[in-house]
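Descriptive analysis of the structure
The residues making up each chain are set out below.
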Amino acid sequence: MTEHPTATTNGHARRDPPGERRDPAARAARRRRIRRIVLWVLGVLVVLLGLATVFAAIQTIGIRERLTEGRDALDRAQDAVTDGDLGVAGRSFAEAQNAFADAKRAASGPAYTIVGAVPLIGRTPRAVEGITTAGEELAAAGTVLTDGIASLPDGLGSLSPENGRVPLAPIATLSAAAEQAEVHTNAAVEAIEGAPSTLLVGPLGEARRDAAEGVDRADDAVHAGRLLLEGLPTFLGGDGTARYFVAAESPAELRGTGGILGAYSIMTVADGRFRFGEFLPVQTLSDPAAWQNVNLSPDFAGDVGPRIVEQYEAETGQRLDGAIEVDPFALAKLLEVTGPVELRDLGVELTAEDVVAFTANEAYSEYPDPATRKAVLGEAAQEVFLRFLAGGEGIDGIRALGEAAAGGHLTVYSTDPTMQEGLQAVGAAGDLRVTEGEDFLAVVMNNGAGNKVDYYQSRTVNYTVDLLSDGTGRGSTEITIANGAPASGLPKYVIGPFDGRFEAGETFALVDVLCAPGCALDRLQRGGADVEPAATGDFGGIPYVRDVFSIPAGEQQTLGVDTRLASAWTGNSSGGTYRLVFANQTTVEPTRLRVEIRPPDGMAFTHAGDGVELGDGIAVWEGEPGARVEVDVDFSAPVPGRWWRNLTRWVS
């Protein structure tokens, strides 16, 4: 009888045993036995993999604890550096490095080795490796910087001015350390970007997100410091005398960058030594109106600073290397560390507590003589800076200067590209920085009445944003401006009026509302009624809509702006991130801001940045903003849907 093959393997016929060829029941039984063996083997593998996954998840909890310890140690080290306690900083950076190394060792055990070989689930060990490597690199960067600071005679205080001069040698030392540190922070960025961010076991997803945020902040800070240190020697006259236009501005009459320019001086710096020319009213320049309106734009870095330099050089023929604006709040910061100063010509002592009220309001009533009145702000600025440059404040002085710049009260423009990039990176350039994918909001007022009633003004800004599933959004901004100025009892110079258009105490407001690039205006309302914009345009690519209106003394006005946001958030159907930047205009009475965010349909908030409260399906930030506030939240779909969508994207 001819035998017939039943299957083939590698091209060769496989034949059933003789008994099974004659007995179909035996063949069926044999196939059932094979299936049972295969299923049993698969079951064992699934159980083993499940046990390994569970064990890895348990281990992940311990790893997360070590990662948290490392992060906390980095935070302690950063605070210690800022406080000048280099011993604590060094020990904390070492603790961070040890914690991240421990986490990496824990992730190299047998369970993680098994899990790492499995598609999808194997992303967890790779994420741990990326996070721990990034942490080790950040700790190494901090150690390099700490060692560089420790090599200076007085640490960071060695950068403080002494006898009118900032020493240049310590800057070179720190510049070299920052360059080495940036190598480590760049490596940290590379490590964290290579770490998977989805389909992670246990609480590792949150740890990976926190690590990414921390790495980005550290890399940005080190990069900014390196640029600033590289540019400072030239800025401080190390390559020849540098000349700067220093403007003292008054927030009692608002302008785009803060306040009207009241007085100016030409400051020269040679080999780190500062000298101020006499502070003069801007009315002594040939076109006072142009100078009083030179800073209508809120963009000091891209518009106002270059315009000041160009305008002054065209008028006088004298070269400038940059421009600086300073307001009374910056003087208050410096007075906190220098102590009181005396305005000898006026016989007045200024302290940190009274300098704002005196220069922005009281002096206008006390000195009826226009020349004396106009000289007050300039003399105050000169005396405070001379006292500060005399030295003796050490690291406290450096910190005060940094806080004034970070608060938007001391803004600097440099014609040197490296220095200017560094100023922008540290937030001292007064620029309107918008990153792709971020939402943006700013409310900027210019006073068109020529009076000083903005000293009595207050404002609230409420911003509600609805995020849509396609990545777009809808924004609704409500601005209430209250004019608390009196209609009588103060000099005309303070409350006006200066022509027949206005009444005493009345403000004439030119209000620009800025939004993210690509936004579009849906509706503009004033006092609840629809109005047409007085103007639209952009500041350096950032769109704005303008309304113009008066507010009588003791009254208020409300402005509503509805916009469509072209790219409101980043992410995908599984979840995403929304980030808002609010750029705040300096006002005497602090702005009150409330931001309310609603997630896309089918998603819920999972994480909120500093100051953001989650509840009732919305995220809220509320308070008095500084010069620049960043509000960020994460949101995602429910777990089953999120995992399925992640898996689908991974497969595709």
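The structure this text deals with has already been given above.
Residues numbered from 1 in each chain as written. Predicted model: local features only at pLDDT ≥ 70, side-chain atom pairs only at ≥ 80, totals over all residues. Heavy atoms only, no water.

When its secondary structure is counted, the chain shows 16 helices and 26 strands. In the chain, which comprises 652 residues, the share counted as buried stands at 48%. As presented, the chain carries roughly 29100 Å² of accessible surface, and 53% of it is formed by carbon and sulfur atoms. (Helix = DSSP H or I, 4+ residues; strand = E, 2+ residues; numbered from the N terminus. Buried < 20%, exposed > 50% of the residue type's maximum accessible area, 1.4 Å probe, protein only. Areas by Shrake-Rupley, 256 points an atom, 1.4 Å probe, with all protein chains shown as cover.)

So, on to the environment of Ala363. Considering the arrangement of structural elements, one finds Ala363 in helix H11 (residues 355-366). The spacing of Ala363 and Ala375 is 12 residues in sequence and 10.0 Å in space, taken between C-alpha atoms. Not counting the four nearest positions on each side in its chain, Ala363 is found in contact with Phe358, Arg373 and Val376. (Contact = heavy atoms within 4.5 Å.)

Take the state of the cysteines next. Scanning all chains against the criterion turns up 1 disulfide. Here Cys515 pairs with Cys519 through a disulfide, and the sulfurs are 1.7 Å apart. Residue Cys519 is classed as buried on the basis of its relative accessible area, which comes to 14%. (Disulfide = S-S within 2.5 Å.)

What follows deals with the pairing of strand E11 (residues 439-447). In terms of burial, E11 is largely enclosed, as 9 of its 9 residues are buried. A two-sided burial pattern is seen for E11, the buried positions comprising Asp439, Leu441, Val443, Met445 and Asn447 on one face and Phe440, Ala442, Val444 and Asn446 on the other. Sheet topology places E11 next to strand E21 (residues 575-583); 4 bridges connect them, and they run parallel. Its bridge partner being in E21, Phe440 is matched across the sheet by Val581. Direction of pairing for E11 relative to strand E14 (residues 507-515): antiparallel, over a ladder of 7 bridges. Opposite Met445, over in E14, you have Val511 as the bridge partner. (Pairing = 2+ DSSP bridges.)

The buried fraction of strand E10 (residues 410-414) amounts to 5 of the 5 residues, a majority that puts the element mostly inside the structure. Of the two faces of E10, both are covered, the one formed by Leu410, Val412 and Ser414 as well as the one formed by Thr411 and Tyr413.

Between helix H10 (residues 328-338) and helix H13 (residues 394-406), the least distance of the axes is 9 Å, while the angle of their chain directions is 165°. The angle between the axes of H10 and H13 places the two elements in the roughly antiparallel class. With respect to the hand of their crossing, H10 and H13 are arranged in right-handed fashion. Contacts between H10 and H13 involve Ala330, Lys333, Leu334 and Val337 on the former and, on the latter, Asp396, Gly397, Ala400, Leu401, Glu403 and Ala404. In the contact of H10 with H13, the residues fall into 6 nonpolar, 1 polar and 3 charged. (Axes fitted to C-alpha atoms, helices over the stretch in contact; angles between N-to-C directions. Parallel < 35°, antiparallel > 145°, perpendicular 65-115°, else oblique. Left-handed = near helix turned anticlockwise from the far one by under 90°. Nonpolar A, V, L, I, M, F, W, Y, C, P; charged D, E, K, R; others polar.)

In this model, H11 (12 residues) spans only 14 Å end to end at C-alpha, well below the 16 Å of a helix rising 1.5 Å per residue. Inspection of H11 places Val355, Val356, Ala357, Phe358, Thr359, Ala360, Asn361, Ala363 and Tyr364 among the buried residues, and these make up the whole buried set. Turning to H11, the residues buried within the fold contact strand E3 (242-255), H10, strand E8 (341-343), strand E9 (348-350), helix H12 (370-390) and helix H15 (492-495). (Expected span 1.5 Å × (residues − 1).)

If you walk across this open sheet you meet the 8 strands as E16-E15-E19-E13-E12-E22-E25-E24, and the pairing is mixed. The sheet terminates laterally at strand E16 (529-530) and strand E24 (612-615), the two strands that pair on one side only. The sheet contact formed by strand E15 (residues 520-526) and strand E19 (residues 556-565) spans 6 bridges and is antiparallel. Opposite Gln525, over in E19, you have Gly560 as the bridge partner.

The contact between H11 and H12 brings their axes to 9 Å, and the two run at 155°. One way to sum up the angle between H11 and H12 is to call them roughly antiparallel. As for the relative orientation of H11 and H12, their crossing is right-handed in sense. Contacts between H11 and H12 pair Phe358, Thr359, Ala363 and Tyr364 from the former with Arg373, Val376, Leu377 and Ala380 from the latter. When grouped by side-chain class, the residues that make up the contact of H11 with H12 number 6 nonpolar, 1 polar and 1 charged.

Together, Asp75, Asp79, Asp83 and Asp85 line one region of the surface with negative charge. Along the chain, the position of Asp85 falls in the loop between helix H2 (24-83) and helix H3 (86-106). (Patch = residues over 30% accessible without salt bridge, like charges linked within 9 Å, V, L, I, M, F, W, Y side chains within 5 Å. Salt bridge = Lys/Arg side-chain N within 4 Å of Asp/Glu carboxyl O. Lys, Arg positive; Asp, Glu negative; His and termini not counted. Charge placed at Lys NZ, Arg CZ, Asp CG, Glu CD.)

Here Thr477 shows up in strand E13 (residues 473-483). Thr477 sits in the buried class, given a relative accessible area of 4%. What Thr477 contacts, discounting residues up to four positions off in sequence, is Leu441, Val461, Asn462, Tyr463, Leu559, Gly560 and Val561.

This brings us to the packing of aromatic side chains. Counted according to the given criterion, the structure contains 14 aromatic pairs. Aromatic side chains Phe605 and Phe635 sit 6.3 Å apart centroid to centroid with 80° between the ring planes, which places their arrangement in the edge-to-face category. With a gap of 30 residues between them, Phe605 in strand E23 (residues 604-608) and Phe635 in strand E26 (residues 628-636) connect regions that are remote in the sequence. With respect to class, Phe605 is no different from Phe635; both count as buried. Feature note: the residues Phe245, Tyr264, Trp291 and Tyr312 constitute an aromatic cluster, connected by ring pairs. (Phe/Tyr/Trp six-rings, centres within 6.5 Å; stacked < 30°, edge-to-face > 60°.)

Note that every value here comes from positions in space, so none of it alone points to a role or purpose.
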